[in-house]
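Geometric and topological summary
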Amino acid sequence: GKGLKVTCSCPDGQRQAAAALGQNAIIVCKHGGAALESVLDDEAIAQFKTNLNRLQRQRKERATTQKKIEETAKVEQDRAMLGERARIEYGLKAMTSEEIQKHLEDSCKTIEGLRAMVALFPQSIMPAPQTKTCVRCHKKYDERYAAQRVCRLEHPYEHCNTEWDGSTISWQHCYRCDNDFDVPDNCTGRNRPYASGKWCFEGEHTQDEAKVEEKKWNADPGDLVY
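Source: prediction; values computed, not measured. (Residues numbered from 1 in each chain as written. Predicted model: local features only at pLDDT ≥ 70, side-chain atom pairs only at ≥ 80, totals over all residues. Heavy atoms only, no water.)

**Quick look at the overall build of the chain**
Heads up, the condition is: Each helix corresponds to a stretch of at least 4 residues labelled H or I by DSSP, and each strand to a stretch of at least 2 residues labelled E; elements are numbered beginning at the N terminus. Exposed residues in this analysis have more than 50% of their type's maximum accessible area, buried residues have under 20%, and partly exposed residues fall in between, with area computed by a 1.4 Å probe over protein chains only. The contact criterion used throughout is that any non-hydrogen atoms of two residues lie within 4.5 Å. Calculation of accessible area relied on Shrake-Rupley with a 1.4 Å probe; when residues are assessed, cover is drawn exclusively from the protein chains displayed.
Along its length, the chain carries 7 helices and 7 strands. Traced from its N-terminal end to its C-terminal end, the chain shows the element sequence α-α-α-α-α-α-β-β-β-β-β-β-β-α. Taken over 226 residues, the chain has a buried fraction of 21%. In the chain, the share of contacts with a sequence separation of at least 24, taken over all contacts with a separation of at least 6, comes to 42%. Of the roughly 17000 Å² that the chain leaves accessible, carbon and sulfur atoms contribute 53%.

Okay, here's the thing in structure tokens:
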């Protein structure tokens, strides 16, 4: 439901929580999934399955209706602008995202282009900026855009130590977050038991200065004491 949050302290749980922020979905690790299952009784499970079946039927009906609308629109498009839809669809796949972005930005420099862009991206799809500054990572973000919701901080490498198991297996241990990790780019030719990446923190942005101070996220690495 709205507002439901499921978190786990395992590396997979932290990555899934960060992925969920960017996808408007509840994504959990196997531990979180087990925790959710443990709080569901038989009646709740039955109600969930009933609701799920209803939503699946509604989704299928909407998909069928949408497909008919799109098929009708394509016929009308071909009648009015033969071949143009196929050309645009091909170009969107063939061009890089950077090329497409540059073309759209260039289009905004003329009145005609801006009118076309406003029609293509109304406020409901591309709202005006309402940015905040995260007190943890100090980056600006707009929480209505999924791509900007995740706050990330790298491990303070001056407070990391290389751990070894024999002469061929190694990983890093971060004393700030007390986690083991590997950075794949730095581990060429070595076995990697902890491929958790370079993020010391990966989660929601925050405006809570007390929380940031408690965890010492803004402390200078040289002032950290473990």
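**Description of the pairing of strand β4 (residues 160–165)**
What counts, and what does not: Here, a strand pair is defined by DSSP locating no fewer than two bridges between the strands.
Both β4 and strand β5 (residues 169–174) contribute to a ladder of 6 bridges, which runs antiparallel. Considered in β5, the bridge of Asn 161 is made with His 173. What sits between the antiparallel neighbours β4 and β5 is a turn of 3 residues, in which Gly 166 has the positive phi angle 75°.

**Considerations on the sheet that holds β5**
So the rule is basically this: Working convention: axes come from line fits to C-alpha atoms, limited for helices to the stretch in contact. Angles between N-to-C directions cover 0 to 180 degrees.
Taken in spatial order, the 3 strands line up as β4-β5-β6 in an open sheet, and their pairing is antiparallel. Edge strands, defined here as strands with exactly one partner in the open sheet, are β4 and β6 (179–181). Within the sheet, the average angular offset between the axes of one strand and its neighbour, ignoring direction, is 35°.

**What about the environment of Lys 215?**
The residue Lys 215 is located in helix α7 (residues 209–215) in this model. The class of Lys 215 is exposed, set by a relative accessible area of 51%. Along the chain, Lys 215 and Cys 177 lie 38 residues apart, while their C-alpha atoms are 9.2 Å from each other.

**Concerning the pattern of salt bridges**
Put simply, the test is: A carboxyl oxygen of Asp or Glu within 4 Å of a side-chain nitrogen of Lys or Arg is what we treat as a salt bridge.
Per the stated rule, a full pass over the model turns up 8 salt bridges. Put simply, Asp 106 and Lys 102 hold a salt bridge, and the shortest N to O gap is 2.9 Å. With Asp 106 and Lys 102 both in helix α5 (residues 97–107) and 4 residues apart, this pair spans about one turn of that helix. The exposure class of Asp 106 is partly exposed, given its relative accessible area of 30%. Measuring nitrogen to oxygen at the nearest pair gives 3.3 Å for the salt bridge that ties Lys 132 to Glu 143.

**Re the nonpolar core**
Stated precisely, the cut-off is as follows: Nonpolar cores were defined as sets of buried Ala, Val, Leu, Ile, Met, Phe, Trp, Tyr and Cys residues, with membership established by side-chain atoms within 4.5 Å.
In terms of nonpolar packing, the biggest core is built from 14 residues, with Cys 174 and Trp 217 touching the most fellow members. Those elements giving two or more residues to this core turn out to be β3 (150–154) and β7 (199–204). Sequence-distant contacts of Cys 174, that is, excluding residues within four places in its chain, are made with His 155, Pro 156, His 159, Cys 160, Asn 179, Phe 181 and Cys 200.

**Quick word on the packing of aromatic side chains**
Where we set the bar: When the centres of two rings from Phe, Tyr and Trp lie within 6.5 Å, Trp using its six-membered ring, the rings pair. Their planes under 30 degrees apart give stacked, over 60 give edge-to-face, and anything left gives tilted. To sit over a ring, a charge needs its Lys NZ or Arg CZ within 6 Å of the ring centre and within 35 degrees of the ring normal.
By the definition in use, this model includes 2 aromatic pairs. With centroids separated by 6.2 Å and ring planes inclined at 65°, the aromatic side chains of Tyr 157 and Phe 181 adopt a geometry described as edge-to-face. Placement of the pair is Tyr 157 in the loop between β3 and β4 and Phe 181 in strand β6, with a sequence separation of 24 residues. Judged by relative accessible area, which is 0%, Phe 181 ranks as buried. Positioned above the aromatic ring of Phe 201, the side-chain terminus of Arg 136 is 3.8 Å from the ring centre.

**Let's talk about the confidence of the model for the chain**
As a reminder of what qualifies: pLDDT measures the predictor's confidence residue by residue and takes values from 0 up to 100.
Averaged over the chain, the pLDDT score is 83; the fraction of residues at 70 or greater is 78%. Highest mean pLDDT in the chain belongs to strand β2 (residues 140–141) (96); lowest belongs to helix α1 (residues 11–21) (67).

**Points about unusual backbone geometry**
Positive phi outside glycine occurs at His 138, with the angle close to 65°. Turning to its location among the elements, His 138 is positioned in the loop between β1 (132–133) and β2. Even without being a glycine, Asp 178 presents a positive backbone phi close to 60°. Looking at where Asp 178 falls in the secondary structure, it is placed in the loop between β5 and β6. Residue classification places Asp 178 among the exposed positions, given a relative accessible area of 54%.

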